[in-house]
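Summary of structural features
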Amino acid sequence: MRPRLPIRRIFFLRPFRPPNAPRPFTQNTLTTRPPRPQLPFLSPPNRRQIARFLTTERKQWIKEEVWQATKYTGAIWATIALCLVTSFGVQEEWMERKFPTPPEWSWFTRKEHRSSRFHEWDGNDGEALIDWAMAGDGYRKVLKRLENPSIDGADLEDQDDGGILVEGVGRTGFDLSKKSEEWRRGYYEALMGAARAAEHLDGWVRDRTRNLAFPANVMIGPSNPDPRPIKPGSEPPPREEDCEKAFEPPQTYYMRVLTTQGFTEKQRMDAALGYAVWLDYKQAPSSALEMYKWAMDIATSSSGKAIVDSASGVLKTEAGNPSSNILTASTALAIHHAANGHISTALPIFISILRARRSLSESSVTMLSTLTPGDEGEDSLWKVAMSMVRSLLVAPKYPPPPDDGTTPPLRTSKERCEEAGIMTYIGEILFTSTNKDDGLAWTREAVDIAEEEFRGRKADKEAKKICKKCLEVGLGNWATMVEQLASAERENKGKKLGGWLGFGGQESKDVVGRWESEEKVVKERMRRVNEEKMAGPKKGFSAMIFG
């Protein structure tokens, strides 16, 4: 039997103690002695070792973080700046293609001229709001730079005889004979733009303290005791003591064009007609008639023979085909007589203009001119891409000078629409004066011609614009005429219904009359034309980008 080892369990005689607890047997048992005094200046200072918060590694990390933040911040701001510069360049390039400026002008003058024309632009649909105050201020700045010899007005001379002095106009025109045709054309555009802005800002005031333009009827002051309220969200109305005229009168710029030496015959005639229309608007028919006669004198100055009867304004058939300027001036003169109630004077002028236009030479017919807008097909993708690249790399050229109007025009699509416009005027005069049926017949034929040229023939942008305007005016006149006749027809039908006892006439009431039927036809044609205008012509990709 294996011996059994004696195993005893050893018990701890004392409990565990904390490691830092004092040991009783090592302590001095003499606790009755008082402790030694602890004086501050005798005891050594008890300083704790402060750890280093900014180590070498942490310094290097902070430097790297600051460098990364600076690098990314600089890159972001540089990208933003480059994007802004790029967008500004793209905008200026688009505006230069939309509103070209003479290349010999300085950069700031060209930019100001483009901005002024952009402020005057009513958009592709013709419904955008125009800021005439900004446009007029821009045109005024352009003119100051162009007339300054130290900027863009080098070789600009005053006329020897001082020009024509006109009371209330001020300084007359310069001598532009030493300037190029492009410079003169741009200067003319700036003058006419300022004249248009002056017309729309007539009766406005400018607050000198804020440099803002307001209508004069909202100004607060003694001269306007009952000011009109302004629109919600607008600037507060100005006070009269802080206001001045917003712009110069329009005749300041029109007369400067008329008295400047170097403009073409058409440019001076357009300025005279513009001033005459303004005088008509201001209810000054006698002064307007003098301006129309001045425009006619300018238009006939290059003609070697008398084409217009000076007494009646009628074009002479035996004198040959008149020039474009003569046709334009004669049409404006006839409109002036018709608007002022001189129908017996206006109708012979209109008929002579129509006769002269129909006697013009026909334009040469080519294969392209016989195509409709949907027959020429679309360009290939490669052709469109190459055209876009070429347009991006090559700077656009300043457009060539337009026709000066001193030669007879050809009977193109544009001139046919002008004929339709003359027929519309004749139809309106006949309908309101002598024979309503004849006036309605002239109006119908004018609408048919305008719609045919607007829809069927291949016409340029300017011809389409004229045809569209003529078609809208003709359809509006036609609808007004038919509405009057249909209303009279319905009244007559109501009077003839029934007998003494109220019987009979019910079948006549349900019958649609002649003018009611034609009224439906006119509405249908107006709806069709509106749909075609909303659809619009198809544009290529490059045309959508660059307009």
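Every value quoted in this text rests on a predicted model; they were computed, and no experiment measured them. (Residues numbered from 1 in each chain as written. Predicted model: local features only at pLDDT ≥ 70, side-chain atom pairs only at ≥ 80, totals over all residues. Heavy atoms only, no water.)

**Regarding the packing of aromatic side chains**
For clarity, the threshold we go by: The criterion for an aromatic pair is that two Phe, Tyr or Trp rings (for Trp, the six-membered ring) have centres within 6.5 Å, with stacked assigned to planes under 30 degrees apart, edge-to-face to planes over 60 apart and tilted to the rest. In this description a helix means any DSSP run of H or I spanning at least four residues, a strand means any run of E spanning at least two, and both kinds are numbered starting from the N terminus. Buried residues are those whose accessible area, probed at 1.4 Å on protein chains only, stays under 20% of the maximum for their type, while exposed residues exceed 50% and partly exposed ones sit between those limits. Whether a charge lies above a ring is judged from NZ of Lys or CZ of Arg, which has to be within 6 Å of the ring centre and within 35 degrees of the ring normal.
A complete count under the given rule lists twelve aromatic pairs for this structure. Consider the rings of Phe88 and Trp107, whose centres lie 6.4 Å apart with planes at 55 degrees: the pair is tilted. Residue Phe88 is found in helix α1 (residues 56–98), and its partner Trp107 is found in helix α2 (residues 107–120); the two are separated by 19 residues along the sequence. Assessed through its relative accessible area of 36%, Phe88 is described here as partly exposed. For Trp107, a relative accessible area of 51% corresponds to the exposed category. Within the aromatic cluster, the residues linked to one another by ring pairs are Trp94, Phe99, Phe118 and Trp121. Lying across the ring of Phe454, Lys464 places its NZ or CZ 5.3 Å from the centre.

**Comments concerning the environment of Glu235**
Our working rule: Two residues form a contact once any of their heavy atoms are found within 4.5 Å.
Among the structural elements, Glu235 can be located in the loop between β4 (212–215) and β5 (243–245). Overall, the relative accessible area of 44% leaves Glu235 in the partly exposed class. Sequence separation between Glu235 and Phe214 is 21 residues, and the spatial gap between their C-alpha atoms is 9.4 Å. Leave out the neighbours within four places in its chain, and Glu235 touches Arg210, Leu212, Phe214 and Ile230.

**As for helix α4 (residues 181–200)**
The cut-off we apply is this: One fewer than the residue count of a helix, multiplied by 1.5 Å, yields its expected span.
The end-to-end C-alpha distance of α4, which contains 20 residues, comes to 29 Å, matching closely the 28 Å that a straight helix rising 1.5 Å per residue would cover. Counting buried residues in α4 gives 14 out of 20 residues, a clear majority hidden from the surface.

**Side note on the sheet that holds β4**
Where we set the bar: The rule for pairing is simple: two strands pair if DSSP sees at least two bridges between them. Angles shown run from 0 to 180 degrees and are taken between the N-to-C directions of axes, each axis being a line fitted to C-alpha atoms and, for helices, limited to the stretch in contact.
The three strands lie next to each other as β4-β3-β5, forming an open sheet whose pairing is antiparallel. The two strands at the open ends of the sheet, each matched to only one other strand, are β4 and β5. Mean inter-strand twist for the sheet, computed between neighbouring axes without regard to direction, equals 40 degrees. Bridge analysis of strand β3 (residues 204–207) against β4 gives four bridges, and the strand direction is antiparallel. Bridge pairing links Trp204 to Pro215 in β4.

**Let's talk about the state of the cysteines**
Where we set the bar: Criterion for a disulfide: a pair of cysteine sulfur atoms at a distance within 2.5 Å.
Overall, the coordinates contain one disulfide when judged by the stated rule. Two residues share a disulfide in this structure: Cys417 and Cys467, whose sulfurs sit 1.7 Å from each other. Measuring handedness by torsion sign, the sulfur bridge of Cys417 and Cys467 sits at about 85 degrees and is right-handed. Of this pair, Cys417 sits in helix α11 (residues 413–433) while Cys467 sits in helix α13 (residues 461–496), placing them 50 residues apart in sequence. The exposure class of Cys417 is buried, given its relative accessible area of 1%. Accessibility expressed as a relative area gives 0% for Cys467, which makes it buried. Here Cys470 is not disulfide-linked; the sulfur of Cys417 is the nearest cysteine sulfur, at 6.2 Å. For Cys470, a relative accessible area of 9% corresponds to the buried category.

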